[in-house]
Amino acid sequence: MLNDLLDRNATWSDQRNRDEPGYFARLATRQTPEFFWIGCSDSRVPANVVAGLDPGEVFVHRNVANVIHSSDMNMLSALEFAVDALRIREIIVCGHYGCGGVKAATEDLPHGLADHWLEPIRRLARAYAIDLAQIDDQEARRDRLAELNVVEGVRRVAETPILQRAWKNRVSIRVHGLIYGLKDGRLRDLDCTVGPGHFNAEAAQ
Ligand code: CO
């Protein structure tokens, strides 16, 4: 299995270098991605592939069900590096329909450590219980919860001191919420973008 993977890598790198001589040498000198992607770890939603982007074009952080925990040092470190060092100005929180993490958060079964990780989604499901109860189909209900999780994630990224500081310093960063359809391969804008107007001057004092 691993040898197959290494063989495929060798084929890919050879092909890439033939197509664009010096490609890796150029890419190795610096990265200038335009996007920071926060998405689900699901193997069917690889950021570069679904966004049609090459290596070097998107900085990526992924976790189970793209949950934004305000004290997640892993996510915060990546976010700070993206904003301050890479000077990325477009941040994307991307969820997907058919998300196993969202499904797990709606089940009455123990999932071990994942239950701690997914707790914010359970909280969202409780907060929107009345709205969600109006959707009869279980799959559609979970997909709506996946959308709500993205909108909440955008809000949480916007409320981090990293984004608040950037907006206070008049840096023009925007945070977008997208959802990906496993069944059609399409990304949809959830129209929950927040930008510099989201700077909370009172909270920052
Ligand atoms: Co998922």
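Keep in mind that this is a model prediction, so the values were computed, not measured.

A. Inspection of the domain arrangement of the chain at higher detail. Per the domain assignment, the segments of the chain are domain 1 (1-30) and domain 2 (32-196). Using C-alpha coordinates to define each centre, domain 1 is positioned 30 Å away from domain 2. With 5 residues of domain 1 in contact, the opposing surface of domain 2 contributes 4 residues. Of the roughly 340 Å² buried between domain 1 and domain 2 on both sides combined, carbon and sulfur atoms contribute 56%. A per-residue breakdown of the area domain 1 buries against domain 2 is headed by Arg16, Leu27 and Arg30, which together make up 73% of the total. Here domain 1 and domain 2 share 1 salt bridge between them. Salt-bridge contacts for Asp54 lead to Arg16; the nearest nitrogen and oxygen are separated by 3.4 Å. Where domain 1 packs against domain 2, one counts 1 residue pair in polar contact (both at pLDDT 80 or more). Only α1 (2-19) and α2 (23-29) provide two or more residues apiece to the side of domain 1 that touches domain 2.

B. Expanded view of the pattern of salt bridges. A complete count under the given rule lists 16 salt bridges for this structure. Residue Glu20 is joined to Arg26 by a salt bridge in which the shortest nitrogen-to-oxygen separation is 3.6 Å. With relative accessibility at 48%, the residue Arg26 sits in the partly exposed group. With its nearest N and O atoms 2.8 Å apart, the salt bridge here joins Glu119 to Arg123. One end of the pair is Glu119 and the other is Arg123, both in helix α7 (residues 119-127) and 4 residues apart, which spans about a single turn. With relative accessibility at 29%, the residue Glu119 sits in the partly exposed group. The exposure class of Arg123 is partly exposed, given its relative accessible area of 39%. Shared partners join several salt bridges into a network, and the residues in it are Arg16, Glu20, Arg26 and Asp54.

Here is what the cut-offs are and how they apply
Counting restarts for each chain, with residues numbered from 1 along the sequence as it is written. Local features in this predicted model are restricted to residues of pLDDT 70 or higher, and side-chain atom pairs are both shown and tallied only at a pLDDT of 80 or more, whereas totals for entire chains, interfaces and linings draw on every residue. Hydrogens and water molecules were not included; the side-chain quantities draw on all heavy atoms of the structure. The domain boundaries here were taken from an automatic or database domain assignment. Contacts between residues were defined by any pair of non-hydrogen atoms, one from each residue, lying within 4.5 Å. Each of two parts loses accessible area, computed with a 1.4 Å probe, when they are put together; buried area is these two losses added. When a carboxyl oxygen of Asp or Glu is within 4 Å of a side-chain nitrogen of Lys or Arg, the pair counts as a salt bridge. Polar contact is defined as a pair of N or O atoms within 3.5 Å, subject to the rule that within protein one atom must be able to donate a hydrogen and the other to accept it, and that residues adjacent in sequence are counted only when both atoms are side-chain atoms. For helices the rule is a DSSP run of H or I covering at least 4 residues; for strands it is a run of E covering at least 2, with both sets numbered from the N terminus onward. Only protein chains enter the accessibility calculation, which uses a 1.4 Å probe. A residue is then buried if its area is under 20% of the maximum for its type, exposed if over 50%, and partly exposed in between.

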